[in-house]
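# Working through the structure, step by step
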Amino acid sequence: MGGRQIVGAVFGTVIRVVIAAVVLMFIYRYAIMAYDYGYRIFGEEPMEAEPGRDVSIEVAESDDAEDIALMLEQKGLIRDASLFMILEKLSGSETGISAGTYQLNTAMTVEEMLDIMLSASEEAATSEE
């Protein structure tokens, strides 16, 4: 085995080890991020402690989940609009959030806010039938 072959073999091994280390770092980093996000989906704390402050929001007929999530974030009711959108999708509601005025509080969790908005939508759908 010549000197060039030994250097080539060592260099190839070093490159494979570096690539494997980089891949493992990315996997570890994104696994931690996924765990953190998953934990927040089911354990997100309210923005403020009790009693909080009441905030009225107006949902238009044309508003989708993203519009509503951004409005809630701008009004200081939630920390993360994308978290709200994921929870709305996970709710399994067939009707979604209907237009109307909702009285929410900064001491409510995202789930509590969704429950209020979705239950009002389901009641409206039931009364139309």
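Residues numbered from 1 in each chain as written. Predicted model: local features only at pLDDT ≥ 70, side-chain atom pairs only at ≥ 80, totals over all residues. Heavy atoms only, no water.

### Topic: the overall build of the protein chain
Counting its regular elements, the protein chain contains four helices and two strands. When the helices and strands of the protein chain are placed in sequence order, the string is α-β-α-α-β-α. Its C-alpha radius of gyration of 24 Å places the protein chain more than 25% over the 14 Å reference for a compact globule of 129 residues. Principal-axis analysis of the C-alpha atoms places the extent of the protein chain at approximately 85 × 35 × 20 Å. Here the protein chain, with 129 residues, has 29% of them falling under the buried criterion. (Helix = DSSP H or I, 4+ residues; strand = E, 2+ residues; numbered from the N terminus. Rg over C-alpha atoms; globule rule 2.2 N^0.38 Å. Buried < 20%, exposed > 50% of the residue type's maximum accessible area, 1.4 Å probe, protein only.)

### Observations regarding the packing of helix 2 (residues 65-74) against helix 3 (residues 81-90)
One can describe the packing of helix 2 onto helix 3 by two numbers: an axis separation of 8 Å at closest approach and a directional angle of 135 degrees. As summarised for this structure, helix 2 and helix 3 are arranged oblique, according to the angle between their axes. The two elements helix 2 and helix 3 cross, and the hand of that crossing is right-handed. Where helix 2 abuts helix 3, its residues Ala65, Glu66, Ile68, Ala69, Leu70, Leu72 and Glu73 lie against Ala81, Phe84, Met85 and Glu88. Classifying every residue of the contact of helix 2 with helix 3 gives eight nonpolar, no polar and three charged. (Axes fitted to C-alpha atoms, helices over the stretch in contact; angles between N-to-C directions. Parallel < 35°, antiparallel > 145°, perpendicular 65-115°, else oblique. Left-handed = near helix turned anticlockwise from the far one by under 90°. Contact = heavy atoms within 4.5 Å. Nonpolar A, V, L, I, M, F, W, Y, C, P; charged D, E, K, R; others polar.)

### With respect to helix 3
Each α-helix winds once per 3.6 residues, and so residues spaced three or four apart point in a common direction. Every buried residue belonging to helix 3 is among Ala81, Leu83, Phe84, Leu87 and Glu88, and all of these are buried. One side of helix 3 holds all its buried residues, which, seen down the axis, span an arc of 160 degrees. Pointing more than 90 degrees away from the buried face of helix 3 are the exposed residues Lys89 and Leu90. (Arc of directions from axis to C-beta.)

### Section: the packing of helix 1 (residues 3-43) against helix 3
The contact between helix 1 and helix 3 brings their axes to 10 Å, and the two run at 65 degrees. Considering their axes alone, helix 1 and helix 3 lie roughly perpendicular with respect to each other. The two elements helix 1 and helix 3 meet at a crossing, and its hand is right-handed. In this structure, helix 1 uses Tyr37, Arg40 and Ile41 to contact helix 3, whose residues at the interface are Ser82, Leu83, Ile86, Leu87 and Leu90. When grouped by side-chain class, the residues that make up the contact of helix 1 with helix 3 number six nonpolar, one polar and one charged.

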